[in-house]
Amino acid sequence: MNVEKIREDFPILQRSFHGKPLVYLDSAATSQKPTAVIEAESTFYREQNANPHRGVYALSEEATEAYEGARAHVARFLRASGPEEVVFVRGTTEAINTVATSLGRGLLHKGDRVVSTVMEHHSNIVPWHMLRGEQGIELEFIDIDEHGRLRLEELDRLLTKNTKVVAVTAVSNVLGTVNKVREIADRAHEVGALVVVDGAQAAPHKPVDVGALGADFFAFSGHKTLGPTGIGVLWGRHELLEKMPPCEGGGEMIREVHLDRVSYREPPGKFEAGTPNVAGAIGLSAALSYLEKVGYDSIAAHEHRLVQRAYDRAAEQFGERLTIYGPPPNGDHEAVLSFALKGVHPHDIASLLDADGVAIRSGHHCAQPLMERLGVPALSRASPYLYNTEGEIDQLFDSLVRAEKVFAR
Ligand code: 7TS
């Protein structure tokens, strides 16, 4: 993989901040966009814009074809049975809320249990909390061990005949841990529970096969996979989507509306009320094409080098003073590096790095229960992607050396 060539495809990487070239290391928050994605969206607006599914005129038919073509592409990308299993939503957050809200409307009952994990992003915790409040659903969490891996032995205790949903992230946005989703899914299915997989941090880095994962639902966000903001995917097994009630009512999700009754369309239509984000779906399809062209194997090998470089520099430069959280590199640790530098607050690190043009995130990363579990108020996080170089990892560490000099007492 030629990183310099790839970088040319991402116009934003040409920018400078505070007189320094941008070193963008916050791709777990959102990835940057290649020209192909930006062009795909603007071409739609310049040449094809119309409301899909509504008009009989040629332009609307073209818009419909482009939108449905994007859906078919996502279905292939996920190795789904077909496009009817792909619901376009705003992102992972909306996808998981859709599942929770819909299941909450009649398919889950007081005393039913939802099992999640302590490493989830808030978007895979809060929607289930809401069900706890509204429906009397029990909520339990799988803990982690000292390496930031899930303690799967807890499933013996947590999976009972009352367990109806297991909601787990495929990859942690803080620890980078790659979870054993298939094993969890097999165990969950033994007690008849449905498996909701948060794929927000998985889809950008590894090929997805929803069948092989054993998922019943899979959610991901376009903007973390080189695509536009405001578009994401809820994949669900078709027979489940068929049984589930819609969450929002409005245009295009209905079959018939009368003053005294209403009936709904088949999925995915019944979950897509209102005018959809057509340009976003087309941009997402262009992003998936880009990822497929580069190839996940090349991306993984490249990211692997970056992660290894970070671990090496951390050990050389800081030893015990810098802790990278999550499993050791070279296995089940994705390109998400959350760390603590002794004596320096994460926000101070992020501000000082910003002065060097290095963009990383600091804070609780929308995973407050995990921060509590780790006993830290906040962490710094560098999350490289296919367009980052080993030189940029070096720049990160050079800046960290400076941060330690300035702030550590
Ligand atoms: N799940 C995981 C694992 C995530 O990392 C995120 C976003 C979401 C769900 C929510 O995705 P959204 O597109 O609906 O917002 N994570 C982050 C992050 O780590 N920093 O900023 C956003």
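All values reported here derive from a predicted model rather than from experimental measurement.

The rules we used
Residues numbered from 1 in each chain as written. Predicted model: local features only at pLDDT ≥ 70, side-chain atom pairs only at ≥ 80, totals over all residues. Heavy atoms only, no water. Axes fitted to C-alpha atoms, helices over the stretch in contact; angles between N-to-C directions. Helix = DSSP H or I, 4+ residues; strand = E, 2+ residues; numbered from the N terminus. Parallel < 35°, antiparallel > 145°, perpendicular 65-115°, else oblique. Left-handed = near helix turned anticlockwise from the far one by under 90°. Contact = heavy atoms within 4.5 Å. Buried < 20%, exposed > 50% of the residue type's maximum accessible area, 1.4 Å probe, protein only. Pairing = 2+ DSSP bridges. Patch = residues over 30% accessible without salt bridge, like charges linked within 9 Å, V, L, I, M, F, W, Y side chains within 5 Å. Areas by Shrake-Rupley, 256 points an atom, 1.4 Å probe, with all protein chains shown as cover. Salt bridge = Lys/Arg side-chain N within 4 Å of Asp/Glu carboxyl O. Expected span 1.5 Å × (residues − 1). Core = buried A, V, L, I, M, F, W, Y, C linked by side-chain atoms within 4.5 Å. Domains from an automatic or database assignment. Near = heavy atom within 4 Å. Polar contact = N/O pair within 3.5 Å; in protein donor to acceptor, adjacent residues only side chain to side chain. 1 Å grid on protein atoms, 1.4 Å probe; cavity = no way out; pocket = protein on both sides within 12 Å on 5 of 7 lines; lining within 4 Å. Sits in = over half its atoms within 2 Å of the grid points.

K.L.:
Help me understand the packing of helix H12 (residues 346-355) against helix H14 (residues 390-407) in this model?
P.N.:
Angle between the axes and distance between the axes: these two values describe a pair of packed helices. Packing of H12 against H14 leaves a shortest axis separation of 9 Å and a crossing angle of 120°. By the angle between their directions, the pair H12 and H14 is classed as oblique. Classified by chirality, the crossing of H14 by H12 is right-handed. On the side of H12, the interface is formed by Asp 348, Ile 349, Leu 352, Leu 353 and Ala 355, while H14 contributes Leu 396, Ser 399, Leu 400, Arg 402, Ala 403, Val 406 and Phe 407.

K.L.:
Please explain the environment of Glu 84 as it appears in this structure.
P.N.:
Following the sequence through the fold, Glu 84 ends up in the loop between helix H3 (58-77) and strand S4 (86-89). Looking at Glu 84, the relative accessible area reads 32%, which means it is partly exposed.

K.L.:
Just checking my understanding: could you explain the pairing of strand S14 (residues 337-341) for this structure?
P.N.:
The side chains of a regular strand alternate between both faces of the sheet. The buried fraction of S14 amounts to four of the five residues, a majority that puts the element mostly inside the structure. When strand S13 (residues 322-324) meets S14, the two strands line up antiparallel, connected through three bridges. Looking at the pairing, Ile 324 lines up with Phe 339 of S14.

K.L.:
Even after reading the chapter, I still don't get a nonpolar patch on the surface, so can you show me in this structure?
P.N.:
On the surface, a cluster of nonpolar side chains totalling about 260 Å² of accessible area is made up of Val 257, Val 262 and Tyr 264. If you trace the backbone, Tyr 264 turns up in strand S12 (residues 262-264). Owing to a relative accessible area of 36%, Tyr 264 belongs among the partly exposed residues under this scheme.

K.L.:
How should I be thinking about helix H4 (residues 92-104) in this particular structure?
P.N.:
Because an α-helix packs 3.6 residues into every turn, residues spaced three or four apart end up facing the same way. Here H4 is 13 residues long and its end C-alpha atoms lie 18 Å apart, about the 18 Å a rise of 1.5 Å per residue gives. Taken together, the buried positions of H4 are Thr 92, Ala 95, Ile 96, Thr 98, Val 99, Ala 100, Ser 102, Leu 103 and Gly 104. Those residues of H4 hidden inside the fold are in contact with S4, helix H5 (126-135), strand S7 (163-169), strand S8 (194-198), strand S9 (217-221) and strand S10 (232-236). Positive backbone phi, approximately 110°, marks Gly 106, located one or two places after H4.

K.L.:
How do you make sense of the nonpolar core when you look at a structure like this?
P.N.:
Buried together is how nonpolar side chains tend to be arranged in soluble globular proteins. The biggest cluster of nonpolar side chains holds 77 residues, and the ones touching the most others in it are Val 74, Leu 78, Phe 88, Phe 220, Leu 226, Leu 386 and Tyr 387. No other element matches the 11 residues that helix H10 (residues 278-294) contributes to this core. Structurally, this core is a two-domain feature, drawing no fewer than three residues from each of domain 1 (3-30 + 295-407) and domain 2 (37-292). Once residues within four sequence positions are removed from consideration, Leu 226 is found in contact with Phe 10, Ser 31, Gln 32, Lys 33, Pro 34, Val 37, Ala 287, Tyr 290, Leu 291, Tyr 385, Leu 386 and Tyr 387. By size, the runner-up hydrophobic cluster in this structure holds 27 residues, among which are Ile 349, Val 358, Ile 360 and Ala 382.

K.L.:
What exactly am I supposed to notice about the site of the ligand here?
P.N.:
The environment of the ligand is made up of 17 residues, and the closest members are Thr 93, Asp 198, Ser 221, Arg 361 and Arg 381. The contact in question runs from a nitrogen atom of the ligand to an N or O atom on the side chain of His 121, over 3.4 Å. Within the side chain of His 223, a nitrogen or oxygen atom sits 2.7 Å from an oxygen atom of the ligand. Here the ligand loses 88% of its free accessible area of 490 Å² to cover by the protein chains. Its atoms largely coinciding with the cavity grid, the ligand occupies the second largest pocket. The two domains that each donate at least three residues to the shell around the ligand are domain 1 (3-30 + 295-407) and domain 2 (37-292).

K.L.:
When you look at the pattern of salt bridges in this model, what are you seeing that I'm missing?
P.N.:
Two side chains that carry opposite charge are able to pair once their charged atoms sit near each other. For the coordinates displayed, the defined rule picks out 27 salt bridges. The partner of Glu 68 in a salt bridge is Arg 71, with the nearest N and O atoms 2.8 Å apart. Here the residue Glu 68 and the residue Arg 71 both occupy positions in helix H3, the gap between them amounting to three residues, near one helical turn. Here Arg 182 and Asp 186 are joined by a salt bridge, their closest N and O atoms 3.1 Å apart. Placement of both Arg 182 and Asp 186 in helix H7 (residues 181-190) is noted, with a separation of four residues, approximately one turn of the helix. On the accessibility criterion, Asp 186 (35% relative accessible area) is partly exposed. What you see here is one network of salt bridges that share partners, running through Asp 143, Arg 151, Glu 153 and Arg 373.

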